[in-house]
Amino acid sequence: MSHIHISLIKEKLHNLITHPYLIKHIEYPVIDEDKLLLLYSVLESIEMSEETKEQYILSTMLVQIALDTHDMVTNAKTGQLEENDAKSRQLTVLAGDYYSGLYYRLLADVNDISMIKTLAHSIKQINEHKIAYYHKELEGIENLMDSLGKIESSLIQAVSSYFSNTLLKDLSVNFLLLKRLIHERKYFCLEKSSFLFETLRRIAFSKGEKNDPSKDQETYMLFLMDRYIDHVKGTIEQLTRSIPKMNNLLETRIQELFYEIPFSSKKYAEEG
């Protein structure tokens, strides 16, 4: 597997999403390099031309970018908007639609209608889980983590299933869930607030006070999070032992992610 090849795909993706008018007025979309790497890893052993593989990777990444772009509008702080802010939000919505249109065009080029249906189903699934997550409809920590995993990885799971790559499907969901949990934990420790931790508190202390969490509650929530982080890490370690010929870039990135796990998570795991 070539590091240069992934860089070239990333460059092509940048060229596709760089619209001269949009980049003047909205935040430039973030390309999730881990999702790009996972998609490449799913497709690298499949027998098809490199050009077709690129089309699949680019189209799936465009869907991801379209979803992330629409999230920027949904998650923006509500309240009275200045005229420029309103324009920026409208353009952000249009940008998301624009990236979706590009994905349809790319898949039309490879003439794969069933992949369009597969990704469309995945988009529907992601949106359903986002609604359940943000409207606080989830009950139980397992359901919460399952939804987060699907929000993060449904597109890659869909592509993996499409090409019958079950091992990388399972690895992708756990890898991306671990990445999200580490990020959420860091954010909570920095800001003392996080939507995920609020949801976790609601589930863990459903009969408790709804005011600011006490220090004991905060410690317990971090303990719960750290136990879950350790559980997901263990699952990834198990899966990596089952995958023959995993490429070096993915192996290295998994180890890098493990190094990002806070020390207290490791300590809790040893104590627990």
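For clarity, every value in this text was computed on a predicted model and none was experimentally measured.

Thresholds, definitions, all that
- Residues numbered from 1 in each chain as written.
- Predicted model: local features only at pLDDT ≥ 70, side-chain atom pairs only at ≥ 80, totals over all residues.
- Heavy atoms only, no water.
- Helix = DSSP H or I, 4+ residues; strand = E, 2+ residues; numbered from the N terminus.
- Contact = heavy atoms within 4.5 Å.
- Salt bridge = Lys/Arg side-chain N within 4 Å of Asp/Glu carboxyl O.
- Buried < 20%, exposed > 50% of the residue type's maximum accessible area, 1.4 Å probe, protein only.
- pLDDT = per-residue confidence, 0-100.
- Phe/Tyr/Trp six-rings, centres within 6.5 Å; stacked < 30°, edge-to-face > 60°.
- Lys NZ or Arg CZ within 6 Å of the ring centre and 35° of its normal.
- Expected span 1.5 Å × (residues − 1).
- Bend = angle between axes of the 7 residues up to and from the residue.

1. Overview of the environment of tyrosine 21
Looking at the element boundaries, tyrosine 21 is found in the loop between helix H1 (3-17) and helix H2 (22-25). Linking tyrosine 21 and leucine 91, residues 70 residues apart in sequence, is a C-alpha distance of 9.7 Å. In contact with tyrosine 21, other than residues within four places in its own chain, are Lys87 and Leu91.

2. Observations concerning the pattern of salt bridges
The full count for this structure, using the stated rule, is 18 salt bridges. Across the pair glutamate 260 and arginine 253 runs a salt bridge, and its minimum N-O distance is 3.6 Å. The exposure class of glutamate 260 is partly exposed, given its relative accessible area of 31%. A network of salt bridges, in which partner residues are shared, links Asp32, Asp34, Lys179, Lys186, Arg253, Glu256 and Glu260.

3. Examining the confidence of the model for the protein chain
Of the residues in the protein chain, 87% have a pLDDT of 70 or more, and the chain-wide mean is 84. Within the protein chain, the element-level pLDDT minimum falls on helix H12 (residues 263-271), averaging 55, and the maximum on helix H11 (residues 248-259), averaging 96. Taken together, the stretch residues 77-82 has pLDDT below 50 and engages in three contacts with residues farther than four places along the chain or on a different chain.

4. A short note on the packing of aromatic side chains
Under the defined criterion, the tally for this structure stands at nine aromatic pairs. With a centroid separation of 5.1 Å and 85° between ring planes, the pair formed by tyrosine 162 and phenylalanine 163 is classed as edge-to-face. Under the relative-accessibility criterion, tyrosine 162 is labelled partly exposed at 28%. Members of the aromatic cluster, each reached through a chain of ring pairs, are Tyr56, Tyr162 and Phe163. Its guanidinium or amino end placed over the ring of phenylalanine 258, lysine 233 lies 4.8 Å from that ring's centre, counting from NZ or CZ.

5. Concerning the side chain of serine 153
Structurally, the position occupied by serine 153 is in helix H7 (residues 141-162). Aside from chain neighbours lying at most four places away, what touches serine 153 is Ser172, Val173 and Leu176.

6. Some words on H7
Over its 22 residues, H7 runs 29 Å from end to end, which matches the ideal 32 Å to within 8%, given 1.5 Å per residue. At serine 153, H7 shows its maximal kink, close to 70°. Downstream of H7 by a residue or two, serine 164 has a phi angle that is positive, lying close to 55°.

7. Considerations on unusual backbone geometry
The phi dihedral of serine 164 is positive, around 55°, even though this residue is not glycine. Examined against the element boundaries, serine 164 turns out to sit in the loop between H7 and helix H8 (166-191). Its identity as a non-glycine residue notwithstanding, lysine 245 has a phi of 55°, on the positive side. Residue placement: lysine 245 occurs in the loop between helix H10 (215-242) and H11. Under the relative-accessibility criterion, lysine 245 is labelled exposed at 83%.

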